[in-house]
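# Coordinate inspection notes
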Amino acid sequence: MYASFKSIGAYIPEKVLTNEELEKMVDTSDEWIIKRTGIKERHIADDSELTSDMGVKAGELAIKRAGLQKSDIDAVICATISPDHFCMPSTANLISHKLGLNPVTSFDISAACTGFIYALNIAKSFVESGSFKNVLIVGAEKLSSIVDYTDRTTCILFGDGAGAAVIGATDKKEDAVIDVHTGADGSYSDYLITPGGGSAEPCSLETIENRRHYMKMQGNATFKVAVKTLTKDVIDILGKNEIDPKDIKHFIPHQANYRIIKAVGDALKLDSEQVVLTVHKYGNTSSASIPMAMNDLYESGKLKNGELMLLDAFGGGLTWGSALIPFAGK
Ligand code: COA
């Protein structure tokens, strides 16, 4: 049995936070943000909208577009760093319940911006081993709940949203996910970190006063490792599978920074039509960024059955991953 990428769905919250609005909140400028990141605006969930609610909306679309009933889904994996609740219950449990899927296996994974590719790798293994037939994978983030809107080095980068896909069993080799690579290096763990709230720094008045529950990033150092690692990762996966970059129909990278995407695209000598870009309108939505970008492509009518996609992500941990997938949806 093979695992195929059957469908894609996403949910983008309505509210938009523009660079001009951020100029009124911190010492920054529209010009600086666009020049250094390519981001013009990002979407922000409203107060009552939880990570699981966005995951449910993306998941419903993905199930429908896969031509399945909710009862066909037998596992849910949610990749998130902004869960509804820290520790428990998992956001996947809540998504599963809100979708009316109970009782199915459901759990969260923590691999930051690489989360969707990690979830894909796990789902692929579940399907190939025969454990499950249809796995719903979700990347959902309410990053606005862990972003410090007094810190100009991070608050300009992130947005909210969700994306989802169904990874299902098939006997057609041409529909099969070709390969998924994932990796991590904990020696860079302080490059991107939410220091407070865990066992290292349990919640206290001091952690709150020192804003330790917000995301902290060593931006420039992360940037350098990101370009190097992402470039090596895509070259490796293409080489291993003997695929020429020109045969990639859609390169769908994690949308963190336009300059990182451009550097990797240039290293592969990709044309601009091959590179999917949404960073300008959604910012960095961590685990949701790749499926949101893929959904944009799908809804614009540009993603067709059988077309070869190359995914590539990098994030806190540090983690990274890439995937080669023919789109098996309709
Ligand atoms: N507005 C204006 N100036 C800002 C700013 C902002 N929002 N944020 C930082 N600056 C300033 C810095 O204070 C610094 O000033 P200084 O030279 O006086 O010290 C200057 O701009 C340059 O900062 P630097 O951090 O070196 O900029 P950069 O070119 O590296 O861009 C990032 C910053 C965050 C956009 C970039 O490093 C980045 O995208 N990093 C990687 C993000 C990523 O991939 N994360 C992993 C996946 S989530």
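Throughout, residues of each chain are indexed from 1 in the direction in which the sequence is written. Totals for whole chains, interfaces and linings use every residue, but because this is a predicted model, local features are given only for residues with pLDDT of at least 70 and side-chain atom pairs only at 80 or more, for both listing and counting. The side-chain quantities take in all heavy atoms of the structure and omit both hydrogens and water.

### Some words on the packing of helix α8 (residues 219-240) against helix α9 (residues 258-267)
Remark: α8 packs on α9, axes separated minimally by 9 Å, with the N-to-C direction vectors making an angle of 35°. α9 is crossed by α8, and the crossing has right-handed handedness. Facing α8, whose interface residues are Phe223, Ala226, Val227, Leu230, Thr231 and Val234, α9 presents Arg259, Ile260, Ala263, Val264 and Ala267. Of the residues assigned to the contact of α8 with α9, the class counts are nine nonpolar, one polar and one charged. Lines fitted to C-alpha atoms define the axes, with helix axes restricted to the stretch in contact, and inter-axis angles between N-to-C directions lie between 0 and 180 degrees. Under the DSSP-based scheme used, a helix requires at least four consecutive residues in state H or I and a strand at least two consecutive residues in state E, with every element numbered from the N terminus. Whether a crossing is left-handed or right-handed is set by the direction in which the near helix is turned from the far one by less than a right angle, anticlockwise for left-handed and clockwise for right-handed. Contacts are residue-level and defined by heavy atoms, with any inter-residue pair within 4.5 Å sufficient. Following the grouping adopted for this structure description, the nonpolar residues are Ala, Val, Leu, Ile, Met, Phe, Trp, Tyr, Cys and Pro, the charged ones are Asp, Glu, Lys and Arg, and the polar ones are all others, Gly among them.

### Brief notes about the packing of aromatic side chains
In this analysis, rings of Phe, Tyr and Trp, with Trp reduced to its six-membered ring, are considered paired at centre separations within 6.5 Å, and the interplanar angle assigns stacked below 30 degrees, edge-to-face beyond 60, and tilted for intermediate values. Summed over the entire model, instances satisfying the criterion amount to five aromatic pairs. Seen from their ring centres, tyrosine 188 and tyrosine 191 are 5.0 Å apart, and the 65° between their planes marks the pair as edge-to-face. Burial status follows relative accessibility: with a 1.4 Å probe on protein chains alone, a residue under 20% of its type maximum counts as buried, one over 50% as exposed, and anything between as partly exposed. A residue is classified by how much of its surface remains accessible, and tyrosine 188, at 27% relative accessible area, is partly exposed. Ring pairs connect the aromatic residues Phe107, Phe126 and Phe132, which therefore count as one cluster.

### Side note on the nonpolar core
Judged by nonpolar contacts, the single largest core of 35 residues is most densely connected at Phe5, Leu120, Ile137, Ile252, Met309 and Leu311. Taken domain by domain, this core gets at least three of its residues from each of domain 1 (2-171) and domain 2 (179-326). When residues no more than four places from it in sequence are discounted, the contact partners of leucine 311 are Ile117, Leu120, Ile252, Ile290, Met294, Gly321, Ser322, Ala323 and Ile325. The nonpolar core is taken to be a set of buried Ala, Val, Leu, Ile, Met, Phe, Trp, Tyr and Cys residues, with the residues joined through side-chain atoms within 4.5 Å. Among the nonpolar cores identified, the runner-up in size contains 24 residues, and Leu238, Ile243, Ile260 and Phe314 belong to it. Note that the domain bounds were set by an automatic or database domain assignment.

### Concerning the domain arrangement of the protein chain
With domains assigned, the protein chain is organised as domain 1 (2-171) and domain 2 (179-326). In this assembly, 48 residues from domain 1 lie in contact with 46 residues from domain 2. When two components associate, each loses some accessible surface as probed by a 1.4 Å sphere; the sum of these losses over both components is called the buried area. Roughly 3,700 Å² is buried in total at the junction of domain 1 and domain 2, and carbon and sulfur atoms are behind 64% of that figure. Considering only the side of domain 1, the residues that lose the most area to domain 2 are Ile8, Cys113 and Ile117, jointly responsible for 17% of the buried surface there. Salt bridges are counted wherever a side-chain nitrogen of Lys or Arg sits within 4 Å of a carboxyl oxygen of Asp or Glu. Summed over the shared surface of domain 1 and domain 2, the result is two salt bridges. Polar contact is the term for a pair of N or O atoms within 3.5 Å; when the atoms are in protein, one must be able to donate a hydrogen and the other to accept it, and sequence-neighboring residues count only if both atoms are side-chain atoms. For the pair domain 1 and domain 2, the interface holds 22 residue pairs in polar contact (both at pLDDT 80 or more).

### Details of the site of the ligand
Note on definitions. A residue lies near a molecule or strand when any single heavy atom of the residue is within 4 Å of it. In the vicinity of the ligand, 24 residues are found, and the nearest of them are Thr28, Arg36, Arg152, Asn220 and Asn257. Here an oxygen atom of the ligand and a side-chain polar atom of arginine 36 are 2.7 Å apart. Separating an oxygen atom of the ligand from a side-chain N or O atom of asparagine 220 is a distance of 2.8 Å. In the complex, 74% of the free accessible area of the ligand, which totals 970 Å², lies under the protein chains. Residue assignment for the shell around the ligand shows that the elements contributing at least two residues are α2 (30-37), α6 (152-155), α8, α9 and β12 (308-315). Among the elements that make up the shell around the ligand, the one with the highest residue count is α8 (four residues). Here the residues of the shell around the ligand are counted per class, giving 10 nonpolar, 10 polar and four charged. Two domains each donate at least three residues to the shell around the ligand, and these are domain 1 (2-171) and domain 2 (179-326). Using a 1.4 Å probe, the Shrake-Rupley method yields the accessible areas, and only the shown protein chains count as cover for residues.

### With respect to the pattern of salt bridges
This model, assessed by the stated rule, comprises 11 salt bridges. Among the salt bridges present, the one from aspartate 27 reaches arginine 152, with a minimum N-O distance of 3.7 Å. Pair noted here: aspartate 27 is in the loop between α1 (19-23) and α2 and arginine 152 is in helix α6, with a separation of 125 residues, a long-range link. The exposure class assigned to arginine 152 is partly exposed, which follows from its relative accessible area of 47%. A salt bridge links lysine 240 to aspartate 179, with the nearest nitrogen and oxygen atoms 3.0 Å apart. Of this pair, lysine 240 sits in helix α8 while aspartate 179 sits in strand β8 (residues 179-184), and the two are 61 residues apart along the sequence. Overall, aspartate 179 belongs to the buried group, its relative accessible area being 9%.

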